[in-house]
Amino acid sequence: MYDVVAVSFNNSKNIDYLLYDNLSLKRGNFVVVETDNGLQLGIVKKPGYKEKKENLVLPLKSVLRLATEDDIKQDEINKKNAEKALCDAKKFSKELGLNMNFIEAFYNLDRTQLMFYFLADERIDFRDLAKKLAQKYKTRIELRQIGVRDKAKRVGGLGPCGLFLCCNSFLTDLSSVSINMAKNQFLALNPTKINGVCGRLLCCLGYENELYSELKKDLPKIGSIMETEHGLGKVVEVDVFKQSYSVDLKNKGIVVFNKEEENGSIK
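In short, a report on the structure. Positions within a chain are numbered from 1, following the residues in the order the chain's sequence is written. Note on the predicted model: pLDDT of at least 70 is required for a residue's local features to be given, and 80 or more for side-chain atom pairs to be given and counted; whole-chain, interface and lining totals, by contrast, use all residues. With hydrogens and water excluded, all non-hydrogen atoms of the structure serve as input to the side-chain values.

1. Observations concerning the sheet that holds strand 1 (residues 2-9)
Inclusion rule: Here, strands pair whenever DSSP counts at least two bridges between them. Helix and strand assignments come from DSSP, with helices taken as H or I runs of at least 4 residues and strands as E runs of at least 2, each series counted from the N terminus. Inter-axis angles, ranging from 0 to 180 degrees, are taken between N-to-C directions of lines fitted to C-alpha atoms, where helices are fitted over the stretch in contact. Here, two residues are considered to be in contact whenever any of their heavy atoms come within 4.5 Å of each other.
With respect to topology, five strands assemble into an open sheet ordered 2-1-4-3-5, the strand pairing being antiparallel. Each end of this open sheet is capped by a strand with a single partner; those strands are strand 2 (16-18) and strand 5 (63-66). Averaged over all neighbouring strand pairs, the angle between strand axes comes to 45°, with direction disregarded. Relative to strand 5, strand 3 (residues 30-35) is paired through three bridges, and the arrangement is antiparallel. Within the sheet, the bridge partner assigned to Val-33 lies in strand 5 and is Val-63. Where helix 1 (residues 69-95) meets the sheet, its contacts fall on strand 3, strand 4 (38-51) and strand 5, and the angle it forms with strand 4 comes to roughly 120°.

Structure below.
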């Protein structure tokens, strides 16, 4: 168990878990945090409490201090300036003939870095663009190419379930999702049903995949031929929750077998 505080950045629904060094914090407090991108302003979503190690991404960053009024004012100025910088980046990239779809720009709190996130179909040589931006804004420029899943994580939205996107709400790691997970859960392989708003496979396909694999462990596969007490037949259906399977027998039709029972019942 770790003593942590839950903090979000840039009005995101994503939560970061941070060490807080015995600071007296309340929900809604603004705090200054040292991140990989320098100092950032965050807001406390849940004050000090104990969290399990398996729910955390180690090593943890730390809250440096409570934010001052000057920090909060500076953050507001930074957001406005970052919007203008984003417009300039789009303009400069067109002038240079670069096919870049800019998503977001932001300054860190002390303005030592100006970061841009963008989408592109291929690798982009943006060195000339970085020079133009650095000359205008007189700070360190970082341009980071992201994928469509990262875009959804940063921008947010509603999923086909009607809830806020998992990646923008609570997922801290975008784990790989495969089409085999959909097959494993007997889902129709219809892209409109199994793809998220990002166009990639739904992250939630991974939530129950392990359970399905465990429940299917001792059940036959659909399409397999098996010998039953009523004769040879083909498995046409499997119900992992009832732990049963249906076999098409030549002389009896569809017969349902329970994994724990020997005799089948005719449908």
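2. Comments concerning the environment of Ala-67
Structurally, the position occupied by Ala-67 is in the loop between strand 5 and helix 1. Aside from chain neighbours lying at most four places away, what touches Ala-67 is Phe-30, Val-31, Val-32, Leu-41 and Ile-72.

3. Some thoughts on the packing of aromatic side chains
As a reminder, the rule being used: A pair of Phe, Tyr and Trp rings is counted when the ring centres sit within 6.5 Å of each other, with Trp represented by its six-membered ring. The angle between the planes then sorts it: under 30 degrees is stacked, over 60 is edge-to-face, the rest tilted. A simple rule labels every residue: compare its accessible area, found with a 1.4 Å probe on the protein chains alone, to the largest value its type can have, and call it buried under 20%, exposed over 50%, or partly exposed in between. We call a charge positioned above a ring when the Lys NZ or Arg CZ atom is no farther than 6 Å from the ring centre and deviates by at most 35 degrees from the ring normal.
Taken as a whole and assessed by the stated rule, the structure comprises six aromatic pairs. Taking 5.6 Å as the distance between ring centres and 75° as the angle between the ring planes, the aromatic pair formed by Tyr-212 and Phe-241 counts as edge-to-face. Remark: Phe-241 occurs in the loop between strand 10 (231-239) and strand 11 (244-249) and Tyr-212 occurs in helix 7 (residues 209-215); sequence separation between them is 29 residues. Looking at Tyr-212, the relative accessible area reads 11%, which means it is buried. On the basis of relative accessible area, Phe-241 is assigned to the exposed category, the value being 57%. Consider the rings of Tyr-245 and Phe-257, whose centres lie 5.7 Å apart with planes at 15°: the pair is stacked. On the criterion of sequence distance, the pair formed by Tyr-245 in strand 11 and Phe-257 in strand 12 (residues 253-258) is long-range, its members being 12 residues apart. Residue classification places Phe-257 among the buried residues on the basis of a relative accessible area of 3%. Feature note: the residues Phe-102, Phe-116, Phe-118 and Phe-126 constitute an aromatic cluster, connected by ring pairs. Looking at Lys-46, its charged tip hangs above the ring of Tyr-49, at a distance of 4.0 Å from the centre.

4. Side note on the sheet that holds strand 6 (residues 101-107)
Here we have three strands laid out as an open sheet, ordered 6-7-8, and mixed in their pairing. Of all the strands in the sheet, the pair left with one neighbour each is strand 6 and strand 8 (140-145). The mean inter-strand angle of the sheet, taken between neighbouring strand axes irrespective of direction, is 20°. Both strand 7 (residues 113-119) and strand 8 contribute to a ladder of six bridges, which runs parallel. Of the residues in strand 8, the one forming a bridge with Met-115 is Glu-142. On top of the sheet, helix 1 reaches strand 6 and strand 7; it is set at about 145° to strand 6, its chief contact. Set on the sheet, helix 3 (residues 148-155) makes contact with strand 6 and strand 7; between it and strand 6 the angle comes to about 50°.

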